[in-house]
Amino acid sequence: MPVCAGLLVLLPVSVLVAIGLGTAVVTPGDTARYLWAALSGGEIGPNEATTYQIVWEIRTPRVLLAALVGAGLSTIGVAVQAMVRNALADPYVLGVSSGASVGAVSVTVTGGLAGLGVYAMSAGAFLGALAASALVYAAAAGRAGMSPLRLILTGVAMALGFQAVMSVIIYLVPSSEATSTVLYWTMGSFGSATWAALPAVAVAVLLGLVLLSRRSRALDVMALGDETAASLGIDPDRLRKALLVLVSLVTGAMVAVSGAISFVGLVMPHLVRMVVGATHARVLAVAPLVGAVFMVWVDLVARTLVAPRELPLGVITALIGVPVFVTLMRRRAYMFGGR
């Protein structure tokens, strides 16, 4: 598709520019040279050592993490909206993100799972996301199965409950510095990005994208309704269970390294559908690229707009996402899954 080709060019250009921009500006040529030196084992002059460290050790993992999380949020947004057949659905609506946040914040505040080192927060987020999914599933499942309406209503209720739990944890934190750190993290940030954090997120996002792409036809059928899906040989309840587990794993991995970032998983799928149509094979090919490019630029704005201070990512995505989503909903010709 021409759209994919354009995005495949735009994404590396955006990454290169974002790595070079900041408090210390590095030209794209020098940025590319430093990256090549790091990858090929080339030498850097002593007078460039500081700039090289900024580019390779600080900015590059951060920008790559932004691209991965943006791609993951957009991909999971597509899956959740198909799973519950609701235009307003995203991981936050199902309570998965809130559960992951509770798990990560609990580990941060209590020092639990310290034996896992740098992966302690990731493990906490995973456990929180899985616990949230299990609770949502147990509460939403009924004798007649797990309907989309029951699932989304249960998810909304659970999300509010997890947010209350997180507020209590933050309130009980003895250190004001820890409280401000947790609050800032829950609004989204890539400030703690390291090379060690990238592999787990990359594996989770790529695994989610591959599995969803393989089930793109089933997602198309599910969007037609449970009865139609059953008549075409798709078990909607079984597919929802599998999607819920997958969404939990990928969301847990992302929340652990970036905190809660709103509106990306909600708005990006809609924008992509307006361009390429509602077929999930096409949407899943384009949405990750759009999300990655978007998040790279959002992170750049977050760390440069009021430098040396840094804005929470969730603030920027909400300021952009709210008017975009309202505009989409005001388009009479636009409906979920089509035009």
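Only a predicted model underlies this, so the values are computations on that prediction, with no experimental measurement involved.

What counts, and at which threshold
Residues numbered from 1 in each chain as written. Predicted model: local features only at pLDDT ≥ 70, side-chain atom pairs only at ≥ 80, totals over all residues. Heavy atoms only, no water. Axes fitted to C-alpha atoms, helices over the stretch in contact; angles between N-to-C directions. Helix = DSSP H or I, 4+ residues; strand = E, 2+ residues; numbered from the N terminus. Parallel < 35°, antiparallel > 145°, perpendicular 65-115°, else oblique. Left-handed = near helix turned anticlockwise from the far one by under 90°. Contact = heavy atoms within 4.5 Å. Nonpolar A, V, L, I, M, F, W, Y, C, P; charged D, E, K, R; others polar. Salt bridge = Lys/Arg side-chain N within 4 Å of Asp/Glu carboxyl O. Buried < 20%, exposed > 50% of the residue type's maximum accessible area, 1.4 Å probe, protein only. Phe/Tyr/Trp six-rings, centres within 6.5 Å; stacked < 30°, edge-to-face > 60°. 1 Å grid on protein atoms, 1.4 Å probe; cavity = no way out; pocket = protein on both sides within 12 Å on 5 of 7 lines; lining within 4 Å. Points joined across faces, edges and corners; volume = space filled by probe spheres on them. Polar contact = N/O pair within 3.5 Å; in protein donor to acceptor, adjacent residues only side chain to side chain. Expected span 1.5 Å × (residues − 1). Arc of directions from axis to C-beta.

## Brief notes about the packing of helix 3 (residues 49-84) against helix 11 (residues 236-258)
Here comes step 1: It is at 10 Å that the axes of helix 3 and helix 11 come closest, and there the two elements cross at 155 degrees. Relative to helix 11, helix 3 is oriented roughly antiparallel. The two elements helix 3 and helix 11 meet at a crossing, and its hand is left-handed. Residue-level contacts link Leu 65, Val 69, Gly 72, Leu 73, Ile 76, Ala 79, Val 80 and Met 83 of helix 3 to Arg 240, Leu 243, Leu 244, Val 247, Val 250, Thr 251, Met 254, Val 257 and Ser 258 of helix 11.
Here comes step 2: When the residues that make up the contact of helix 3 with helix 11 are grouped by side-chain class, the tally is 13 nonpolar, three polar and one charged.

## Some remarks on the pattern of salt bridges
Here comes step 1: All chains considered together, the criterion is met by six salt bridges.
Here comes step 2: Taking the shortest distance from any N to any O, the salt bridge between Asp 299 and Arg 62 comes out at 2.8 Å. Here the residue Asp 299 occupies a position in helix 13 (residues 280-304), and Arg 62 occupies one in helix 3, the gap between them amounting to 237 residues.
Here comes step 3: Here Arg 62 and Glu 310 are joined by a salt bridge, their closest N and O atoms 2.7 Å apart. Residue Arg 62 is found in helix 3, and its partner Glu 310 is found in the loop between helix 13 and helix 14 (313-330); the two are separated by 248 residues along the sequence.
Here comes step 4: Residue classification places Arg 62 among the buried residues on the basis of a relative accessible area of 8%.
Here comes step 5: Taken together, the shared-partner salt bridges connect Arg 62, Asp 299, Arg 303 and Glu 310 into one network.

## Observations regarding the packing of helix 13 against helix 14
Here comes step 1: Axis separation between helix 13 and helix 14 bottoms out at 9 Å; the angle between their running directions is 120 degrees. Taken together, the axes of helix 13 and helix 14 lie oblique to each other. The two elements helix 13 and helix 14 cross, and the hand of that crossing is right-handed. Seen from helix 13, the contacting residues are Phe 294, Met 295, Val 298, Asp 299, Val 301 and Ala 302; seen from helix 14, they are Leu 313, Ile 316, Thr 317 and Ile 320.
Here comes step 2: Its residues placed into classes, the contact of helix 13 with helix 14 shows eight nonpolar, one polar and one charged.

## Looking at the packing of aromatic side chains
Here comes step 1: Within the structure shown, the criterion is met by two aromatic pairs.
Here comes step 2: A centroid spacing of 4.6 Å and a plane angle of 35 degrees characterise the contact between Trp 56 and Trp 195, whose relative ring orientation is tilted. Of this pair, Trp 56 sits in helix 3 while Trp 195 sits in the loop between helix 7 (176-186) and helix 8 (198-214), and the two are 139 residues apart along the sequence.
Here comes step 3: Using a relative accessible area of 16% as the deciding quantity, one classes Trp 56 as buried.

## Section: empty space enclosed by the protein
Here comes step 1: Counted under the stated rule, the structure contains one cavity of 30 Å³ or more.
Here comes step 2: Size it by volume and the largest cavity reaches roughly 40 Å³.
Here comes step 3: At the level of elements, helix 3 and helix 11 are the ones that each hand at least two residues to the lining of the largest cavity.
Here comes step 4: Take the lining of the largest cavity: its biggest share by element is four residues, from helix 11.

## Some remarks on the side chain of Gln 81
Here comes step 1: Locating Gln 81 in the fold gives a position in helix 3.
Here comes step 2: Taking relative accessible area as the criterion, Gln 81 reaches 0% and is therefore assigned buried.
Here comes step 3: Among the polar contacts made by the side chain of Gln 81, one reaches the main-chain carbonyl oxygen of Leu 266 at a distance of 3.3 Å.

## Describing the environment of Ile 44
Here comes step 1: Take Ile 44: it is sitting in the loop between helix 2 (28-40) and helix 3.
Here comes step 2: Between the alpha carbons of Ile 44 and Gly 277 there is a distance of 48 Å; along the sequence they are 233 residues apart.
Here comes step 3: Dropping the residues within four chain positions of it, Ile 44 is found in contact with Tyr 34, Ala 37, Ala 49 and Tyr 52.

## Considerations on helix 2
Here comes step 1: A rise of 1.5 Å per residue sets the reference length of helix 2, with its 13 residues, at 18 Å; its end C-alpha atoms lie 18 Å apart and thus fit the reference within 8%.
Here comes step 2: Within the sequence span of helix 2, burial applies to Thr 31, Tyr 34, Leu 35 and Ala 37. Axial view of helix 2: buried residues confined to an arc of 160 degrees, hence all on one face. Seen from the open side of helix 2, the exposed residues pointing more than 90 degrees away from its buried face are Trp 36 and Leu 39.
Here comes step 3: Buried-residue contacts for helix 2 involve helix 1 (2-20) and helix 3.

## Regarding the environment of Asp 90
Here comes step 1: Here Asp 90 lies in the loop between helix 3 and helix 4 (96-110).
Here comes step 2: When the C-alpha atoms of Asp 90 and Ser 14 are compared, they prove to be 26 Å apart, with 76 residues separating the residues in sequence.
Here comes step 3: Dropping the residues within four chain positions of it, Asp 90 is found in contact with Val 80, Gly 265 and Leu 266.

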